Every structure is written in structure tokens, then in C-alpha cells.
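# Structural characterization, general
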Amino acid sequence: MQAEQLKDLVVNALENIKAQDVSVIDVRDRTSVTDFMVLASGTSNRHVKSLADSVVAEAKEQGVRPGNVEGAGGSEWILVDLGDVVVHVMMPATREFYDLERFWRDAPDLGAAGSE
């Protein structure tokens, strides 16, 4: 699956269960680690876990195996590594505290739909 398609799959999986503040950052020209970073917020620890689980389930359904899932125990911040797309699902306070968008300020922010 191409990076663009995987990004769209992730965004759809998040939006299907009401993720808040979904943001897609294109980092292809900034790092060789991944192509897109997708950030989203959940309304509770359970919602954060459900969002991450939805991303993993949708990816597996399309034949994409997550490389790693980190943080599912506490559910304040869960990272899902899909290779070309890295997904960060966080509680709003955690997202504000770490402010990952700040690190990629110069990268194109593609917004929720993934288009500039």
C-alpha cells in the first residue's frame, strides 16, 4: 500500500470513531523515518485506546502490519508505527504539553483530510 493510501486509511479510521483535531503532517522532505505523521486527540483514555485499536484493525484488514504499538497501557499517548505513517493518538493535555506539531512547524500541515 502506498504512503498516501495508508495516510487516508488512517485518517478515515480515526474519523470513523470521532477523533478530535486530526492533523496530518507531511515529513517526506524532512526525515527518512516516515512519510506522514498523523496526530489525533481522544476525549478519554478509553477513547484514545479505541482510536489506536481502530487504526491497527483497519491497517491489518488491508494487509498492513503495524511495526510497533507503544503506550497502550496508560492510554494518555499511543503511538502506532505503520512504517510510512506514524500515528500519535493522545489526550488533549498530553498533546498540548508535548506539542509535536511545533517540531515539524516548517513541514506542510495537510490538515484532517490530508490535502493542503
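Cut-offs and rules
- Residues numbered from 1 in each chain as written.
- Predicted model: local features only at pLDDT ≥ 70, side-chain atom pairs only at ≥ 80, totals over all residues.
- Heavy atoms only, no water.
- pLDDT = per-residue confidence, 0-100.
- Helix = DSSP H or I, 4+ residues; strand = E, 2+ residues; numbered from the N terminus.
- Buried < 20%, exposed > 50% of the residue type's maximum accessible area, 1.4 Å probe, protein only.
- Pairing = 2+ DSSP bridges.
- Phe/Tyr/Trp six-rings, centres within 6.5 Å; stacked < 30°, edge-to-face > 60°.
- Lys NZ or Arg CZ within 6 Å of the ring centre and 35° of its normal.

### Thoughts on the confidence of the model for the chain
For the chain, the average pLDDT comes to 87, and 90% of its residues sit at 70 or higher. Per-element averaging of pLDDT across the chain places helix 4 (residues 100–103) at the bottom with 82 and strand 5 (residues 85–90) at the top with 96.

### Topic: the pairing of strand 4 (residues 77–81)
Here strand 4 shows a buried face lined by Ile78 and Val80 and an unburied face lined by Trp77, Leu79 and Asp81. In terms of strand pairing, strand 3 (residues 68–70) meets strand 4 through three bridges, oriented antiparallel. The residue bridging Asn68 from the neighbouring strand is Asp81, located in strand 4. Hairpin connection of strand 3 to strand 4: six residues between the antiparallel strands, including Gly71 at a positive phi of 90 degrees. Bridge count for strand 4 against strand 5 is five bridges, and the pairing is antiparallel.

### Observations regarding the packing of aromatic side chains
Enumeration over the complete set of coordinates arrives at two aromatic pairs. Ring plane angle 50 degrees and centroid distance 4.9 Å describe the contact between Trp77 and Tyr98, whose orientation is recorded as tilted. Separated by 21 residues along the polypeptide, Trp77 in strand 4 and Tyr98 in helix 3 (residues 92–98) bring together distant segments of the chain. When the centroid spacing of 4.9 Å and the interplanar angle of 85 degrees are considered together, the rings of Phe97 and Tyr98 count as edge-to-face. Assessed through its relative accessible area of 65%, Phe97 is described here as exposed. Every member of this aromatic cluster is reached through a ring pair, and the members are Trp77, Phe97 and Tyr98. It is Lys7 that lies over the ring of Phe36; its NZ or CZ is 5.5 Å from the centre.

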